[in-house]
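# Report on the structure
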Amino acid sequence: MYKIFTLICAIGIITLEGSASTLQLGLVANYEFAGNLNDSSGNNHNLTAYTGARGYSYSLTSTTPTLTQDRFGRENSAIYLDGLTTLRAFNVPPPSANGNNSFSWTGWFKTSVHGSIWGFIWKADSSTDWSSSPYLGFYNGGETNKRLYFGSYPYGDTVSNLPTELDTWYFFAGVSNQTGERSLSIFSASGALLDSVSVTGSYSQQDLDSLIIGSSGATSASSVNYQAGWRGAVDDIRIYDRALTGSEIASLAVPEPSSLSLLLAGGVVLMAGRRLR
């Protein structure tokens, strides 16, 4: 009995490790915000913080981002965006660079206000920002009814059925496959799936090579969207050049097991094994 129990636990640990290894496949950028704006994927797509007209190329003024607590309460481990700050990385390869038009965006977020929140993540051209670029933001359903939105105007959208609560961490996963079919999943901080929606039908894929986090989509300082920048915290943003599977998304929505947790798990196995003998 002890041997069987130990084997089951070992298989569970191996499965977790295997899932973690597949999450490195197709990883274009990973922003952990561990005290900096660096890309930890090894691809060097580091972010720079800007102010001005949402950090667009015609008005780029470097600034210092505001670090804040992550969902575990660790200081300086997430980024707070105040509606005026934009994080941007240039020359991020588009999905078509690898012969694959699919992509996935995942990460953690929480909102500070239910007011004029709009764009969250955008893809754009290095010199010109297109209103029809893929983006993830908020569907404006009223001051207390902001729902996460994943799409590309005017080619359709995927809107969550879940209104988001203020100052509450959520995990999101927006996935678009080769034909442009989109899915959007939202998880709680504990890893529970709260909502999952999808839209079928293709939409335009553009070779956009610039990544923007915190943009409202404004094209000038006088635009009606200028004051609609992202206000809230973001953490562990991942960009993939492929469509993640459901199991991969679920594994990202919960904390990875640490060495300590695995050591404790081993202790539990030994204790339980002694009782089963």
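Every chain's residues receive numbers from 1 upward, in the order its sequence appears when written. Since the coordinates come from a predicted model, pLDDT governs what is reported: local features require at least 70, and pairs of side-chain atoms require 80 or more to be given and counted, while whole-chain, interface and lining totals use all residues. Heavy atoms throughout the structure, all of them, feed into the side-chain values; hydrogens and water do not.

On a plain count of helices and strands, the protein comes out with 3 helices and 16 strands. Whether two residues are in contact is decided by their heavy atoms, any of which lying within 4.5 Å being enough. Counting contacts in the protein only where the partners sit at least 6 residues apart, residues at least 24 apart contribute 68% of the total. Only the protein chains shown count as cover for residues, and all accessible areas are computed by the Shrake-Rupley method using a 1.4 Å probe. Accessible surface computed for the protein: about 12,700 Å², of which carbon and sulfur atoms make up 55%. Put simply, DSSP H or I for four residues or longer makes a helix, DSSP E for two residues or longer makes a strand, and each gets a number counted from the N terminus.

It is worth spelling out the side chain of Asp70 at this point. Locating Asp70 in the fold gives a position in the loop between β4 (66-68) and β5 (78-82). Any pair of nitrogen or oxygen atoms within 3.5 Å is treated as a polar contact; in protein, a donor-acceptor pairing is required on top of that, and neighbouring residues in sequence qualify only through side-chain atoms on both sides. Of the polar contacts made by the side chain of Asp70, one reaches the side chain of Arg74; its length is 2.7 Å.

The phi angle at Asn76 is positive, at roughly 55 degrees, despite the residue not being glycine. Looking at the element boundaries, Asn76 is found in the loop between β4 and β5. Given the relative accessible area of 42%, Asn76 is considered partly exposed. Residues other than glycine seldom take positive phi values, yet Asp236 does so here, at roughly 45 degrees. One can find Asp236 in strand β16 (residues 231-240). For each residue, the accessible area found with a 1.4 Å probe, counting protein chains only, is set against the maximum for its type, and the residue is called buried under 20%, exposed over 50%, and partly exposed in between.

It is worth spelling out the nonpolar core at this point. Among the nonpolar cores identified, the biggest contains 31 residues, and Tyr31, Phe33, Leu87 and Ile237 are the most heavily contacted of them. Counting residues in each nonpolar core, the second largest holds 15 residues, with Leu23, Val175, Ala233 and Tyr240 among its members. Side-chain atoms within 4.5 Å link the members of a nonpolar core, which is a set of buried Ala, Val, Leu, Ile, Met, Phe, Trp, Tyr and Cys residues.

On to the pattern of salt bridges, then. Pairs can form between side chains of opposite charge once their charged atoms are near each other. What counts as a salt bridge is simple: a side-chain nitrogen of Lys or Arg found within 4 Å of a carboxyl oxygen of Asp or Glu. A complete count under the given rule lists 4 salt bridges for this structure. Put simply, Asp70 and Arg74 hold a salt bridge, and the shortest N to O gap is 2.7 Å. Under the relative-accessibility criterion, Arg74 is labelled partly exposed at 47%.

What follows deals with the packing of aromatic side chains. Any Phe, Tyr or Trp ring, taking Trp's six-membered ring, that has another such ring centre within 6.5 Å forms a pair; planes under 30 degrees apart are called stacked, those over 60 apart edge-to-face, and the others tilted. Counted under the stated rule, the structure contains 8 aromatic pairs. On the basis of an interplanar angle of 65 degrees and a centroid distance of 5.9 Å, the ring pair of Trp105 and Phe150 is categorised as edge-to-face. Taken together, the residues span a long stretch of sequence, with Trp105 in strand β7 (residues 103-111) and Phe150 in strand β10 (residues 146-151) at a distance of 45 residues. What makes Trp105 buried here is its relative accessible area of 2%. For Phe150, a relative accessible area of 1% translates into the label buried. In textbook terms, an aromatic cluster arises when at least three aromatic residues are bridged by ring pairs, as seen for Phe103, Trp105 and Phe150. Counted as over-ring charges are cases with an Arg CZ or a Lys NZ within 6 Å of the ring centre that also lie within 35 degrees of the ring normal. We note Arg71 situated over the ring of Trp108; from NZ or CZ to the ring centre the distance is 3.9 Å.

Moving on, we get to the pairing of strand β6 (residues 86-89). Here β6 shows no split at all, with Thr86 and Arg88 on one side and Leu87 and Ala89 on the other all buried. Only strands joined by at least two bridges in the DSSP assignment are considered to pair. For strand β2 (residues 48-51) and β6, the ladder comprises 3 bridges, and the chain directions are antiparallel. Residue pairing for β6: Tyr50 is matched across the bridge by Thr86.

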